[in-house]
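Chain by chain, the residues run as shown.
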Amino acid sequence: MKKYILNYIESNFKMIYVLLICLIVGVIIGIITFNFIDDGVKKELTDTFIKTLDITKKADFQGINVIKNGVISNTLLLFLIYFCALTIVCPILIFIIDFIKGFAIGIYIPTIFCVFGFGNGLLVLLLLVILPNLIYVPALIYSFCSSLNFNYNILNSKEKSFLQIFLKEIINLVFIISIILLSVVVEQLLSTFVISIYQNLA
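Visitor: What exactly am I supposed to notice about the environment of L128 here?
Guide: Examined against the element boundaries, L128 turns out to sit in helix α5 (residues 90-155). Residue class for L128 comes out buried when judged on its relative accessible area of 11%. Separated by 20 residues in sequence, L128 and Y108 place their C-alpha atoms 10.0 Å apart. Excluding residues within four positions of it along the chain, L128 makes contact with F49, Y108, S191 and V194.

In structure tokens:
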């Protein structure tokens, strides 16, 4: 497994590098954007986050199931990513999705600090953003790379090899979904600690 990962990184290094840069730029621009948007929009974002925390606290995760919502949203995202692989402009679309994902994380980070303050915000940032994304981001980058490679293979394949390419990509999808599911489960577990921190704020 370790050898496969190292070989994969080596053979796709430029692609992974550009995707990571694009994601990081999205995060930075998201953080900057939050600081310049209208106060009413900021309040709407923080109120939405607080409402989610309140519902989760009262329902003990029955009202909002992190795992269920995470699986649904990421399945739709993977569907979108692989739909892009069937288009001629796949690379452009993939990098746009990558940037938007980073931008969403960037908007989310200052929202956490608005709700929890600086001290608790750092801990919540670790629990809700950093730790889950240590698993999620590599899986996301892998899905982007697989989609781009899938697009390249489709455009350069012969009819006889198309089925082989398709079957190989199904295996990749199963692997990606497994890793993303793991990150969602980790997020669910860590969310219980976040709710405890939120309860102590009251």
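Visitor: Can you walk me through the pattern of salt bridges in this structure?
Guide: Oppositely charged side chains may form a pair once their charged atoms are brought near each other. Per the counting criterion, the structure on display carries one salt bridge. D47 serves as the salt-bridge partner of K43, at 2.8 Å between the closest nitrogen and oxygen. One end of the pair, K43, and the other, D47, are both in helix α3 (residues 39-59), four residues apart, so they sit about a helical turn from each other. Given the relative accessible area of 52%, K43 is considered exposed.

Visitor: Is there a simple way to explain the packing of aromatic side chains in this structure?
Guide: For any pair of aromatic rings, the description rests on two quantities: the centre-to-centre distance and the angle between the ring planes. This model, assessed by the stated rule, comprises eight aromatic pairs. Both rings, one in F49 and one in Y108, keep their centres 5.5 Å apart while their planes meet at 70°; by these two values the pair is edge-to-face. With F49 in helix α3 and Y108 in helix α5, the pair connects residues that are 59 residues apart, well separated along the chain. What makes F49 buried here is its relative accessible area of 10%. With a relative accessible area of 28%, Y108 lands in the partly exposed category. Between Y82 and F150, the aromatic rings sit 6.0 Å apart at their centres with planes inclined by 50°, giving tilted as the arrangement. Of this pair, Y82 sits in helix α4 (residues 66-84) while F150 sits in helix α5, and the two are 68 residues apart along the sequence. Both residues of the pair, Y82 and F150, count as buried. Taken together, the ring pairs connect F49, Y108, F116 and Y198 into an aromatic cluster.

Visitor: Explain the confidence of the model for the protein chain here, please?
Guide: Regions with low pLDDT should not have their predicted coordinates read in detail. When pLDDT is averaged across the protein chain, the result is 85; 93% of the residues are at 70 or more. By mean pLDDT, the top-scoring element of the protein chain is helix α2 (residues 13-36) (94), and the lowest-scoring one is helix α1 (residues 2-11) (80).

Visitor: When you look at the side chain of S183 in this model, what are you seeing that I'm missing?
Guide: Tracing the backbone through its elements, the reader meets S183 in helix α6 (residues 159-201). In this structure S183 touches P132, I135 and Y136, once residues within four positions along its chain are discounted.

Visitor: Quick question: what am I supposed to make of the packing of α2 against α5 here?
Guide: Each pair of packed helices can be described by the angle between their axes along with the distance between the axes. Between α2 and α5, the shortest axis-to-axis distance is 10 Å and the interhelical angle comes to 145°. Considering only the axes of α2 and α5, their crossing is right-handed. Split into classes, the residues belonging to the contact of α2 with α5 amount to 26 nonpolar, seven polar and two charged.

Visitor: What is the right way to read the layout of surface pockets from this model?
Guide: In this approach the atoms are scanned with a rolling probe the size of a water molecule, which exposes any empty space left behind. Estimates place the volume of the second largest pocket at around 360 Å³. Taken together, 16 residues make up the lining of the second largest pocket; nearest its centre are I5, Y8, P138, A139 and Y142. Residue assignment for the lining of the second largest pocket shows that the elements contributing at least two residues are α1, α2, α5 and α6. At six residues, the largest contribution of residues to the lining of the second largest pocket is made by α5. Taken together, the residues of the lining of the second largest pocket break down into 16 nonpolar, no polar and no charged.

Visitor: Sorry if this is basic, but what is going on with α2 here?
Guide: Its 24 residues place the ends of α2 35 Å apart at the C-alpha level, agreeing with the 34 Å of an ideal helix rising 1.5 Å per residue. When α2 is considered as a whole, its buried residues turn out to be I16, L19, C22, L23, G26, V27, G30 and F34.

Visitor: What is the right way to read the nonpolar core from this model?
Guide: One recurring pattern in soluble globular proteins: nonpolar side chains tend to sit buried together. One finds I81, I94, I141, F144 and I180 to be the most contacted residues of the largest nonpolar core, which totals 27 residues. Where this core is concerned, the elements lending two or more residues are α2, α4, α5 and α6. Considering each element in turn, this core owes the most residues, 13 residues, to α5. Ignoring any residue separated from it by four or fewer positions in sequence, one finds I141 in contact with I16, L19, L20 and D98. Among the nonpolar cores identified, the runner-up in size contains 18 residues, and I105, I109, L125 and V194 belong to it.

Cut-offs used in this document
Residues numbered from 1 in each chain as written. Predicted model: local features only at pLDDT ≥ 70, side-chain atom pairs only at ≥ 80, totals over all residues. Heavy atoms only, no water. Helix = DSSP H or I, 4+ residues; strand = E, 2+ residues; numbered from the N terminus. Buried < 20%, exposed > 50% of the residue type's maximum accessible area, 1.4 Å probe, protein only. Contact = heavy atoms within 4.5 Å. Salt bridge = Lys/Arg side-chain N within 4 Å of Asp/Glu carboxyl O. Phe/Tyr/Trp six-rings, centres within 6.5 Å; stacked < 30°, edge-to-face > 60°. pLDDT = per-residue confidence, 0-100. Axes fitted to C-alpha atoms, helices over the stretch in contact; angles between N-to-C directions. Left-handed = near helix turned anticlockwise from the far one by under 90°. Nonpolar A, V, L, I, M, F, W, Y, C, P; charged D, E, K, R; others polar. 1 Å grid on protein atoms, 1.4 Å probe; cavity = no way out; pocket = protein on both sides within 12 Å on 5 of 7 lines; lining within 4 Å. Points joined across faces, edges and corners; volume = space filled by probe spheres on them. Expected span 1.5 Å × (residues − 1). Core = buried A, V, L, I, M, F, W, Y, C linked by side-chain atoms within 4.5 Å.

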